[in-house]
Amino acid sequence: MESNDSGRRRFLKQAAALAGVAAGAGATAEWAARGQSAGPSAKSELQQNDAHIHGDQRRGVRRNINHITYFTPLQDYEGIITPASLHFVQLHTSYFPVIDAQQHRLTIHGMVDRALSFSMDDLKRLPAVSRIHFVECQANGAPMGHENGNENMGLPVQYVWGMTSCSEWSGVPLSVLLNEAGVQAGASWVISEGAEAGRWSHTIPLAKAMDDVIVAYGQNGEPLRPEQGYPLRLLVPGWEGLNNVKYLRHIKVVDHHLDPTGVNHAAIMRADLGGKYRWYHFQWGPKSVITRPSGGLKIAGRGYVQITGLAWSGGGAVSKVDVSTDGGRSWKEAKLQAPVLPKAHTRFTFDWAWDGQEAVIQSRCTDDQGEVQPSVADLYKDWGIAGEEGKKAVRTTHFNAMQPWKVATDGSVSNAMFS
Amino acid sequence: MRCSLRLLVPVIILAAPAVALAQSQPQPRFNVGTPLSQQEIKSFDSMIGPEGTELPPGHGSPKEGAAIFAKRCQVCHGQNGEGGAVRRLVLGSPGNPYRGTFKESEKTALSFYPYATIVWDYINRAMPASNPGSLTSDEVYAVVAFLFYRNGIIKENDVLDEKTLPKVDMPNRHGFVPDIPVYPPEPKPSWW
């Protein structure tokens, strides 16, 4: 293990040196490292500055005692695919696990006819699918992130909405694996558990597990990166991020929900339910955000401005995006850029002639289920947040309100969600 | 009464498609994967359901837990779990369990949790954050007992074990809507 590992690192250094000449950021080294297994002894060194794990420096990082968070720089990129090195990361431990794919096993047990263990080779023998889907943290864009005085307020869209990313994910449908094990009558929930230090666990209904969930080993044509769950993760299209269990190791089929790690994160207080908590908000509603121009950026001058952004919905495909440049008084339809895929980011553009006056710009998504993205006022009304509370950035997750950006006469753009 | 009605109807709806999935759509099998023995499953399965039938034998008291907490947990969670580098684990006080709505910042208090078994499972799998899984079963029972005592949920002389822990009366057991999670959620947009 030791010698293999130092060999790998030597290879990485050589590759990084080569890549440095051409591209600077060690991209070739990252590619070269795909599929290599690093032994447990590599942990301390790997955790320091490995570009393979920590990705592109533009992916801003926040760390605290029990979290590592990276934010996707939505303002910087084009199209719908997030490069793996810029994919957001939300890890509920303080370091990334190092897992030997050769030794890794996925087990399925509980209410099944045949409890089974799968090696990575076993999984790759089974029929594979590749599908483009977004993954979004349930706290993405939460109102606290917009609050006046918050350090994120003046920063780009990255630190407010950058916990959503979109990739082509490859792997085996979970339904195929459950069929191999044979789900027993009466089963209703599927619990999954990761192999990282805190063994993150979450529960999804059996109906969703049998529908479109992928046990993924690939992202954008390469093996998963360590920060994305290498060698295996759950991909639960359209649902809150915490369902997508990384470092996937155990699956248990049961007739009850169970969420030791999820309940605290997933449950949301609902004033409309008498101050009680909703256990889960499974599926994302229709969402969109203008990524350029957005908070912290500056429009060069009056005249033509191409407004662009991303729209998505957990319910299906985006059917329409409207843009307002006058604070929501009037709306015009934006252009959707192909491909427009279900439960995936969709790029929209809107041609705008800026007259140099103060303006508030925002986008509104409608999905193919006919659901329309709400304003923050409408969302608060639905959730029973009223009066003085309604004027504040109340802490709530699962937030899909429209994002208004204010353009000042000098072209500078700021967050107008609560101001 | 209103609660039990809300609960029963979706459970019945849920059971029907599950049966249909298992029986009416025979898909071809690929016969890939290695069978797992009960012994192997037992060696890794630490998921504890609300009934607590999977709990390992062991026991612990608030007094034992206080000593372990001071040594292993206090550095992050503060004295008596009142909060420190991370948010509070305690709401209410010995003899006075907190009963009311929880703010978002109070969700980390153990009184928030609807089942005692979730607390045991979580501490067992994920704590202490610097070395998860390093507490023995007895230590987990003791730390849970100590924190439940500080939250006013059990008395100072109560001892928790695999039989008594699932029976602890959690003050926020009915603080969730619906009483147990159901899917699909309700006849509203599914993103609510």
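Computed from a prediction, not measured in an experiment: that's the story for all the values here.

If you walk across this open sheet you meet the six strands as 9(A)-8(A)-13(A)-4(A)-5(A)-1(B), and the pairing is mixed. One side of each edge strand has no neighbouring strand; the edge strands of this open sheet are strand 9 (201-205) of chain A together with strand 1 (34-35) of chain B. As judged from the four bridges shared by strand 4 (residues 105-110) of chain A and strand 5 (residues 116-119) of chain A, these two strands associate in the antiparallel manner. The residue bridging arginine 105 of chain A from the neighbouring strand is serine 119 of chain A, located in strand 5 of chain A.

Membership of the largest hydrophobic core comes to 100 residues, with the highest contact counts inside it found for Val215 of chain A together with Val119, Trp120, Val143, Val144, Ala145 and Phe148 of chain B. Element by element, the count of residues in this core is highest for helix 6 (residues 137-150) of chain B, at ten residues. Ignoring sequence-local partners within four residues, the contact set of valine 144 of chain B consists of Val119, Trp120, Ile123, Leu160 and Leu165 of chain B. Listed in part, the 46 residues of the second largest apolar core include Cys166, Ile290, Ala401 and Met417 of chain A.

Residues and elements named next belong to chain A. Here strand 9 lies mainly inside the structure; five of its five residues are buried. The two faces of strand 9 match: Ser201, Thr203 and Pro205 on one face and His202 and Ile204 on the other face are all buried. Connecting strand 8 (residues 189-194) to the next strand, strand 9, in antiparallel fashion are six residues, including arginine 199 with a positive phi near 45 degrees.

Here we have four strands laid out as an open sheet, ordered 16-17-21-20 (chain A), and antiparallel in their pairing. Unpaired on one side and paired on the other, strand 16 (287-292) and strand 20 (335-336) of chain A mark the two borders of the sheet.

Residues and elements named next belong to chain A. If you check the domain split of chain A, you get domain 1 (105-266) and domain 2 (287-415). Once you take the C-alpha centre of each, domain 1 and domain 2 turn out to be 28 Å apart. The interface of domain 1 with domain 2 comprises 23 residues on the first partner and 23 residues on the second. Elements with a contribution of two residues or more to the side of domain 1 that touches domain 2: strand 6 (129-136) and helix 6 (158-161). For the side of domain 1 that touches domain 2, the element with the most residues is strand 6, which contributes three residues. Across the side of domain 1 that touches domain 2, the residue classes break down as 15 nonpolar, six polar and two charged.

Helical periodicity: at 3.6 residues per turn, an α-helix aligns residues three or four positions apart in one direction. Residue and element names in this part refer to chain B. With 14 residues, helix 6 extends 20 Å from end C-alpha to end C-alpha; this agrees with the ideal 20 Å at 1.5 Å per step. Of all 14 residues making up helix 6, twelve are buried, and the element is well covered by its neighbours. Every buried residue of helix 6 is accounted for by Glu139, Val140, Tyr141, Ala142, Val143, Val144, Ala145, Phe146, Leu147, Phe148, Tyr149 and Arg150. Along its buried surface, helix 6 packs onto strand 2 (59-60), helix 3 (62-72), helix 5 (116-126) and strand 5 (160-161).

This part takes up the interface of chain B and chain A. Facing 48 residues of chain B, the contacting portion of chain A comprises 60 residues. Sorting the residues of the side of chain B that touches chain A by element identifies helix 1 (2-23), strand 1, helix 2 (38-44), helix 5 and strand 6 (176-177) of chain B as the ones contributing at least two each. Classifying every residue of the side of chain B that touches chain A by side-chain character gives 33 nonpolar, nine polar and six charged. Inspection of the sheet shows strand 5 of chain A paired to strand 1 of chain B by two bridges, in the antiparallel sense.

Below, the discussion takes up helix 5 of chain B. Counting buried residues along helix 5 of chain B, eleven of its eleven residues qualify, which places the element largely inside the surrounding structure. All of the buried residues in helix 5 of chain B are Ala116, Thr117, Ile118, Val119, Trp120, Asp121, Tyr122, Ile123, Asn124, Arg125 and Ala126 of chain B. Here the buried face of helix 5 of chain B lies against helix 9 (263-266) of chain A together with helix 6 of chain B.

Right, let's get into the environment of glutamate 168 of chain A. Relative to the elements of secondary structure, glutamate 168 of chain A occurs in strand 7 (residues 164-173). With 34 residues separating them in the primary sequence, glutamate 168 of chain A and phenylalanine 134 of chain A have C-alpha atoms 8.8 Å apart.

Conventions we followed
Residues numbered from 1 in each chain as written. Chains lettered and ligands numbered in written order. Predicted model: local features only at pLDDT ≥ 70, side-chain atom pairs only at ≥ 80, totals over all residues. Pairing = 2+ DSSP bridges. Helix = DSSP H or I, 4+ residues; strand = E, 2+ residues; numbered from the N terminus. Core = buried A, V, L, I, M, F, W, Y, C linked by C-beta atoms within 7 Å. Buried ≥ 20, exposed ≤ 12 C-beta atoms within 10 Å, placed from the backbone. Contact = placed C-beta atoms within 7 Å. Domains from an automatic or database assignment. Nonpolar A, V, L, I, M, F, W, Y, C, P; charged D, E, K, R; others polar. Expected span 1.5 Å × (residues − 1).

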